[in-house]
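Structural description and commentary
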Amino acid sequence: ALYSYFRDIKGAEGKQRGHITIESSPKGWFWFIPMEGSKLGDVSVGLVTGQEFTDQIKTKGAEAFYEEALSLAPNITALIGTKAQRAQPVGIVKDWAYTCEKAAGPGYYLAGDAAAFLDPLLSTGVSLGMLAGYSASVCIHTALVDKSMEHQSTEFYANNYREMYEVTRDFLHYFYAGNASAHPNEIFWNARRMLNFDENIGAKQAFSFFVNTIPGNPHPAVKKQIPLFQQFMNNLDHSVNDIDSPKSELVDKQMRLADSLNGDDIPVINGRLETSWQFDKDKHFLEQIRGVTFDRNRPVFSSTSSWLLGRNIATLNDDAWRLLNLIDGKKTWQTIVAEYRACYEESEVGDRSDASKTVVPLLSEK
Ligand SMILES: Cc1cc2nc3c(=O)[nH]c(=O)nc-3n(C[C@H](O)[C@H](O)[C@H](O)COP(=O)(O)OP(=O)(O)OC[C@H]3O[C@@H](n4cnc5c(N)ncnc54)[C@H](O)[C@@H]3O)c2cc1C
């Protein structure tokens, strides 16, 4: 990336004044990050470009390369305005994309840039660093107080980090591949046309990540997000039909509400039953939860922060957990309900009539 700072900029009007803008241009993409009040300048403007331009940057010089590229980014040039002054020389950072094999293990936790850095596209470096620091502190505190939790705390943290990294990476692949059509003859974008549109799952996950659904409560968002996703996909060069993959077993199945199931329907869980952990903020401790997660073959509705905070699960109460554990993809709904009632009658706890309401958004018809 080649970056610099400007003073006395025009900027955006009203509420948008503090917003980050990104703009694709022939040699990469620009970030425009307002930072009024900073000693460095009013705005940070950086160009993310590729190694394929190393020779050009050396020959022309970083300043000339940066200025020339900026002149081909009309939106950001307009935001900078004609009266702005450059406040700093052009700086260069390179070779920044890296990750670690595992973000935590015996005797260590990695957070922020020490763990991984992918791409500045989402301007998430600082918030990721802070969230990871918080997450690591809860895991370490848990292991210090309860020695038997050491391994589980470490695995919880390392797995969340990996999931977060992979979802972000998929989003980035999608961003770069999706923008290739805007600059069809430019080497930067063509070199990054790497998404295989037959394997659309990563794209779905990436989009889901992008729209940043409600952390900790993924299922109710499905109805809202699917039409948004379809609308987005319909506006791409490839229609949804072109790219829909026949590989996923559940791809053609419709969501059905549990209370509309007939007795001889065979329901399946729209995800996977799992136990996981969440943060007890007051005790600064990991607390066990159980619920439904989407499996890897389905869209993941989750945000970066939700991975690091361990909220990638729709939690279930005891009723729903008991009911969903009876669903095995073979039993009919009436058998499941009968078994559920029988186990209730044995244990005599709770109000069984609430259970089907709890699981309503979690079922599909097989
Ligand atoms: C040009 C550029 C623009 C960016 N823009 C944004 C942005 O707009 N938004 C955003 O969120 N992120 C941005 N980032 C990324 C962000 O700066 C980093 O992701 C973030 O600072 C990482 O925080 P960290 O605490 O992990 O590491 P750092 O911020 O690097 O902190 C590590 C600290 O440890 C110190 N240190 C190193 N070794 C030792 C040692 N042996 N002993 C003691 N101290 C030591 C270092 O001096 C440093 O202060 C940008 C990065 C670059 C390069």
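The sections below set out a description of the structure shown in this document. (Residues numbered from 1 in each chain as written. Predicted model: local features only at pLDDT ≥ 70, side-chain atom pairs only at ≥ 80, totals over all residues. Heavy atoms only, no water.)

1. Details of the overall build of the protein
Helices and strands together make up the secondary structure of the protein, namely 13 helices and 15 strands. Considering the protein as a whole, with its 366 residues, one finds that 45% of them fall into the buried category. If you take every contact in the protein between residues at least 6 apart in sequence, the share linking residues at least 24 apart comes to 68%. Summing over all exposed atoms, the protein offers an accessible surface of approximately 19,200 Å²; the carbon and sulfur share of this is 51%. (Helix = DSSP H or I, 4+ residues; strand = E, 2+ residues; numbered from the N terminus. Buried < 20%, exposed > 50% of the residue type's maximum accessible area, 1.4 Å probe, protein only. Contact = heavy atoms within 4.5 Å. Areas by Shrake-Rupley, 256 points an atom, 1.4 Å probe, with all protein chains shown as cover.)

2. Points about the nonpolar core
Counting residues in each nonpolar core, the largest one holds 36 residues, and the members touching the most others are F6, F30, F32, V45, Y66, L70 and I80. When residues of this core are traced back to their parent elements, those giving at least two are strand 1 (2-7), strand 3 (28-34), strand 4 (43-48), helix 2 (62-71), helix 3 (74-80), strand 10 (116-117), helix 5 (150-179) and helix 6 (187-190). The element best represented in this core is helix 2, accounting for five residues. Lining this core are residues from two domains, each supplying at least three of them: domain 1 (2-92) and domain 2 (98-243). Leaving out residues up to four positions away in the same chain, V45 has contacts with L2, Y3, S4, F6, F30, W31, F32, Y66, L70, I76 and I80. (Core = buried A, V, L, I, M, F, W, Y, C linked by side-chain atoms within 4.5 Å. Domains from an automatic or database assignment.)

3. Some details on the pairing of strand 13 (residues 285-293)
Inspection of the sheet shows strand 12 (residues 272-280) paired to strand 13 by nine bridges, in the antiparallel sense. Across the sheet, the residue bridging to S276 is I289, located in strand 13. The turn joining strand 12 and strand 13, which pair antiparallel and follow one another in sequence, is formed by four residues; a positive phi near 55 degrees is taken by H284. Here two bridges tie strand 13 to strand 14 (residues 314-315), and the two strands are oriented antiparallel to one another. Looking at the pairing, V292 lines up with A314 of strand 14. (Pairing = 2+ DSSP bridges.)

4. Comments concerning the pairing of strand 3
Within strand 3, six of the seven residues are buried, which leaves it mostly tucked inside the rest of the structure. Between the end of strand 2 (residues 21-25) and the start of strand 3, which pair antiparallel, lie two residues. Two strands pair when backbone bridges link them, and strand 3 and strand 4 are joined in this way by six bridges, in the antiparallel orientation. Counted as the bridge partner of W29 is V48 from strand 4.

5. Quick look at unusual backbone geometry
One non-glycine residue, D8, lies in the positive phi region at around 55 degrees. As for its position among the elements, D8 is in the loop between strand 1 and strand 2. With relative accessibility at 48%, the residue D8 sits in the partly exposed group. The phi dihedral of H284 falls on the positive side, at around 55 degrees, and the residue is not glycine. Locating H284 in the fold gives a position in the loop between strand 12 and strand 13. Overall, the relative accessible area of 25% leaves H284 in the partly exposed class.

6. Examining helix 11 (residues 318-325)
Among the residues of helix 11, those classed as buried are D319, A320, W321, L323 and L324. The distance from a side-chain oxygen at the start of helix 11 to the backbone nitrogen of A320 is 2.8 Å, and the residue carrying that oxygen is N317. (Polar contact = N/O pair within 3.5 Å; in protein donor to acceptor, adjacent residues only side chain to side chain.)

7. Observations regarding the side chain of S153
Locating S153 in the fold gives a position in helix 5. Exposure remark for S153: the relative accessible area of 0% places this residue in the buried category. The contact partners of S153, leaving out residues within four places of it in the chain, are Y109, C139, T142, A143 and L286.

8. Some words on the site of the ligand
Looking at the ligand, the residues that line it are Y3, W31, I33, V93, G112, D113, F117, S123, T124, G125 and V126. In this structure, an oxygen atom belonging to the ligand sits 3.2 Å away from a main-chain N or O atom of G125. Take V126: an N or O atom from its main chain is 2.8 Å from an oxygen atom of the ligand. For the ligand, the protein covers 38% of the area, taking 1,000 Å² as the surface of the free molecule. For the shell around the ligand, the secondary-structure elements that each account for two or more residues are strand 3 and helix 4 (125-145). Split into classes, the residues belonging to the shell around the ligand amount to six nonpolar, four polar and one charged. (Near = heavy atom within 4 Å. Nonpolar A, V, L, I, M, F, W, Y, C, P; charged D, E, K, R; others polar.)

9. Concerning the packing of aromatic side chains
Taken as a whole and assessed by the stated rule, the structure comprises eight aromatic pairs. Ring centres 6.1 Å apart and planes at 75 degrees place the aromatic pair F156 and F279 in the edge-to-face group. In this pair, F156 sits in helix 5 while F279 sits in strand 12, placing the two residues 123 residues apart along the sequence. Exposure class is identical for F156 and F279. Each is buried. Lying over the aromatic face of F6, R86 brings its terminal NZ or CZ to 6.0 Å of the ring centre. (Phe/Tyr/Trp six-rings, centres within 6.5 Å; stacked < 30°, edge-to-face > 60°. Lys NZ or Arg CZ within 6 Å of the ring centre and 35° of its normal.)

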